[in-house]
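# Observations on chain architecture
Listed below are the residues making up each chain.
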Amino acid sequence: MHKMPRVWIDYCQFMVSQCKITRSRRTFDRALRALPITQHPRIWPLYLRFARNLPLPETAIRVYRRYLKLSPENAEEYIDYLRSVGRLDEAAIRLAAVVNDENLVSKEGKSNYQLWHELCDLISQNPDKVTSLNVGAIIRGGLTRFTDQLGKLWCSLADYYIRSGHFEKVFDSYAQFEESMIAAKMETTSELGQDEEGDIDLELRLARFELLITRRPLLLNSVLLRQNPHNVHEWHKRVKLYEGQPRQIINTYTEAVQTIDPMKATGRPHTLWVSFARFYEDNEQLDDARTIFEKATKVNYKQVDDLAAVWCEYGEMELRHENYDQALRILRKATAIPSRKAEYFDSSEPVQNRVYKSLKVWSMLADLEESLGTFQSTKAVYDRIIDLRIATPQIIINYAMFLEEHNYFEDSFKAYERGIALFKWPNVHDIWNTYLTKFIDRYGGKKLERARDLFEQALDRCPPKYSKTIYLLYAKLEEEYGLARHAMAVYERATAGVEPEERHQMFNIYIKRAAEIYGVTHTRAIYQKAIEVLPDEHARDMCLRFADMESKLGEIDRARAIYSYCSQICDPRLTAHFWQTWKEFEIRHGNEDTIREMLRIKRSVQATYNTQVNFMSSQMLKATTNASGTGTFHLLKLTGNQNGLFLINVHDSSVLLHRYLEKSDHLHCFIAEVQLEQKSVPTAVFGGLKDD
């Protein structure tokens, strides 16, 4: 009974009632395939109702697309469904197709203009969701098609640009509308004959158009501020637009500071208060500027730094007008301890309770006290900064310098000590350097033990990165005021206590100072230690210098022993300078046997380096590249009974095969050039490594 629609209807309803989505959909499809097309209108309403009730719209969309192939006149029903599920892009495309189909008669009795108006509303109010259509072109097409509805269509276009964020195009659309109205009015006037009343209307329209053009930046700024009234930058721009209009500027600043919520502000809201006060200051209204600053200090800003900047600007304004006592009073008021103390980063407390810990305000107060206050008041400010634990290393150094200028040397050293107690490495580095230098300049060798204690304290936990200058300063102290052996001990500690890359330089200083103080013979132990601890690159340099010193002292055997020791870290192919120096030494001081021994050692060392596969590979690559130019290289390590390395240089159509074999204490090399096409090289040539 597959041709009976009643059975299919009951069957489909039965499946839908069981909420079996996939089986129900397949049953509907079977019914549509089985029944003749004249019976389909009895199935489709059930199928569409079932599809609309599904949780996901994708199935219903596919069902509707099939349905519209049979009944395109029902497109409005599909459009309503798409709008209900938020598929506005496809809804707009379908609605545009309906509008463009002049033969289509709306089942809901809508005229073509009503459908066009719906399309305009849909695409203008949802610019972020309708992306497949050229909205501007569609609405502008309507302007030429429906000339009696220009105002509504221009508003739709403006609405689209506003929602898209293209505010400049909104203005352009508005300007074009005014231009079109003026053009229409002029045509009408010319047709009817110019009269006085018409002239007045035209003049009004022209004046309105000119005013619109001049107000463009202000209108754009108003739109942006309506979007985000807490945008500090836009308020500043608005003030600049009113340049030359003091009353408007004052009103704008007043509106800005009343409107902006500092917690939601984009930008730094305190800059508006400062600019407002600066405006009054520039117009020589200091009392009004002070009133603005006083109000600004009571605003609950998001960050303490904003309030600190207001206090500092307030003080700087008084300084500009030489009201020095007033400036001091302002900053002392800013740094006064509040009735309810709070931590600097405690955001739950208002900034007024936290600004007393702002280093920015304290630093300005310290500068003013140094310039305008007394010694005791300045000292009290610096002590208070340290007690609040907000000092920086620069503040500590400034405090100590201030005390030193007033000849309070011990107090300045105490300030350094307080700073050292506040900070850890590496922040304390500058304090230690300044402290030690000033202490030595002040006392020299009079308080040597105290100075030594300071240096030992500085070097304790000092990272190697910062220890070099302290070691050198310590050694200089011992050389000038202490004992030479103490200086040598400091230099020796320095060679182990500095960064690895600075050890070579430190050994050089150590050797130079030891030679000047004790003589060159005392440097032997230093050279030996340097050769042991330094990397090969620097150890070779030390060996050459050590051997040169011994040869100048007439210790030929000692120099030869040093050359022999150093040869073990000198590859003949990379350190030709060393071997040439040794050869010249043997020519000057040796004989045939010593030269032969040198050459034997050279061959032995070369053989040692040649057995290192990685090194040999890199050297072979380098040598062959230099000899034969650019080519494609493959390194093959042979296995089994064949030992050695093959270097294949594929250059043009030839294959250069280099085979290095080790025999006794030196190398033999033969080169075979095989003129072969690359693809026909025999497998045997490559020793079974054809897959590489």
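Residues numbered from 1 in each chain as written. Predicted model: local features only at pLDDT ≥ 70, side-chain atom pairs only at ≥ 80, totals over all residues. Heavy atoms only, no water.

## Points about the overall build of the protein chain
- In terms of regular secondary structure, the protein chain is built from 33 helices and 4 strands.
- Counting across all 692 residues of the protein chain, residues that qualify as buried make up 41%.
- Surface accessibility of the protein chain: about 38800 Å² in total, with carbon and sulfur atoms responsible for 50%. (Helix = DSSP H or I, 4+ residues; strand = E, 2+ residues; numbered from the N terminus. Buried < 20%, exposed > 50% of the residue type's maximum accessible area, 1.4 Å probe, protein only. Areas by Shrake-Rupley, 256 points an atom, 1.4 Å probe, with all protein chains shown as cover.)

## As for the side chain of E349
- You can see E349 is positioned in the loop between α18 (324–334) and α19 (359–372).
- For E349, a relative accessible area of 11% translates into the label buried.
- At 3.3 Å, the side chain of E349 forms a polar contact with the side chain of N353.
- Contacts of E349, omitting those with residues within four sequence positions, involve R340, A342 and R354. (Polar contact = N/O pair within 3.5 Å; in protein donor to acceptor, adjacent residues only side chain to side chain. Contact = heavy atoms within 4.5 Å.)

## Quick word on the packing of helix α15 (residues 270–282) against helix α17 (residues 304–320)
- Axis separation between α15 and α17 bottoms out at 9 Å; the angle between their running directions is 15 degrees. For the element pair α15 / α17, the angle class is roughly parallel. Between α15 and α17 lies a crossing whose hand is right-handed. Between α15 and α17, the residues in contact are H270, V274, R278 and E281 and D306, A309, V310, E313, M317 and R320, respectively. (Axes fitted to C-alpha atoms, helices over the stretch in contact; angles between N-to-C directions. Parallel < 35°, antiparallel > 145°, perpendicular 65-115°, else oblique. Left-handed = near helix turned anticlockwise from the far one by under 90°.)

## A look at the pattern of salt bridges
- This model, assessed by the stated rule, comprises 31 salt bridges.
- With its nearest N and O atoms 3.0 Å apart, the salt bridge here joins R418 to D383. Of the two residues, R418 sits in helix α22 (residues 409–422) while D383 sits in helix α20 (residues 375–387), which places them 35 residues apart along the sequence.
- The exposure class of D383 is buried, given its relative accessible area of 16%.
- Of the charged contacts in the structure, one is a salt bridge between E410 and K447, with a shortest N-O distance of 4.0 Å. Of the two residues, E410 is situated in helix α22 and K447 in the loop between α23 (429–443) and α24 (448–459); the sequence distance between them amounts to 37 residues.
- A relative accessible area of 29% places E410 in the partly exposed class.
- One network of salt bridges, with partners in common, ties together R278, E281, E313 and R320. (Salt bridge = Lys/Arg side-chain N within 4 Å of Asp/Glu carboxyl O.)

## Overview of helix α26 (residues 484–497)
- Its 14 residues give α26 an end-to-end C-alpha distance of 20 Å, which sits within 8% of 20 Å, the value for a rise of 1.5 Å per residue.
- Residues of α26 that are buried: A487, M488, V490, Y491, A494, T495 and G497. (Expected span 1.5 Å × (residues − 1).)

## Structural notes on the side chain of H429
- Relative to the elements of secondary structure, H429 occurs in helix α23.
- By relative accessible area, H429 is classed as buried at 15%.
- Discounting chain neighbours no more than four positions away, the residues touching H429 are Y466 and T469.

## With respect to the packing of aromatic side chains
- As enumerated under the stated definition, the model contains 28 aromatic pairs in all.
- Here Y253 and F276 contribute two aromatic rings whose centre-to-centre distance is 5.0 Å and whose plane-to-plane angle is 15 degrees, an arrangement assigned as stacked. Pair noted here: Y253 is in helix α14 (residues 246–259) and F276 is in helix α15, with a separation of 23 residues, a long-range link. Across this residue pair, the class does not change: Y253 and F276 are buried.
- Here the aromatic rings of Y416 and Y435 are separated by 5.2 Å at their centres, their planes lie at 20 degrees, and the arrangement is stacked. (Phe/Tyr/Trp six-rings, centres within 6.5 Å; stacked < 30°, edge-to-face > 60°.)

## Some points on helix α5 (residues 75–84)
- Taken together, the buried positions of α5 are occupied by A75, E76, Y78, I79, Y81 and L82.
- On the buried face of α5, the contacting elements are α3 (40–52), α4 (57–70), α6 (88–100) and α7 (112–125).
- One or two positions beyond α5, positive phi appears at G86, with a value near 80 degrees.

## With respect to the packing of helix α13 (residues 232–241) against α14
- At their nearest, the axes of α13 and α14 sit 9 Å apart, and the two run at 170 degrees to each other. Here α14 runs roughly antiparallel to α13, going by the angle between their axes. Between α13, through W235, R238 and V239, and α14, the contact on the second element is made entirely by I249, T252, Y253, E255, A256 and T259.
- Taken together, the residues that form the contact of α13 with α14 break down as 5 nonpolar, 2 polar and 2 charged. (Nonpolar A, V, L, I, M, F, W, Y, C, P; charged D, E, K, R; others polar.)

## Here's the deal with unusual backbone geometry
- The phi torsion at C19 lies on the positive side, around 60 degrees, for a residue other than glycine.
- By the element assignment, C19 lies in the loop between α1 (5–17) and α2 (21–34).
- Assessed through its relative accessible area of 66%, C19 is described here as exposed.
- Unlike most non-glycine residues, R461 shows phi in positive territory, near 65 degrees.

## Things to note about the environment of P393
- Within the fold, P393 resides in helix α21 (residues 393–405).
- Expressed as a C-alpha distance, the spacing of P393 and Y416, which sit 23 residues apart in the sequence, is 9.3 Å.

## A look at the environment of E550
- Positionally, E550 belongs in helix α29 (residues 536–552).
- Given the relative accessible area of 0%, E550 is considered buried.
- Remark: the alpha-carbon pair of E550 and T521, spanning 29 residues in sequence, is separated by 8.9 Å.
- The residues contacting E550, other than those within four sequence positions of it, are R524, E555, R558, A559 and I562.

Such coordinate-based values are descriptive only and should not be taken to indicate function.
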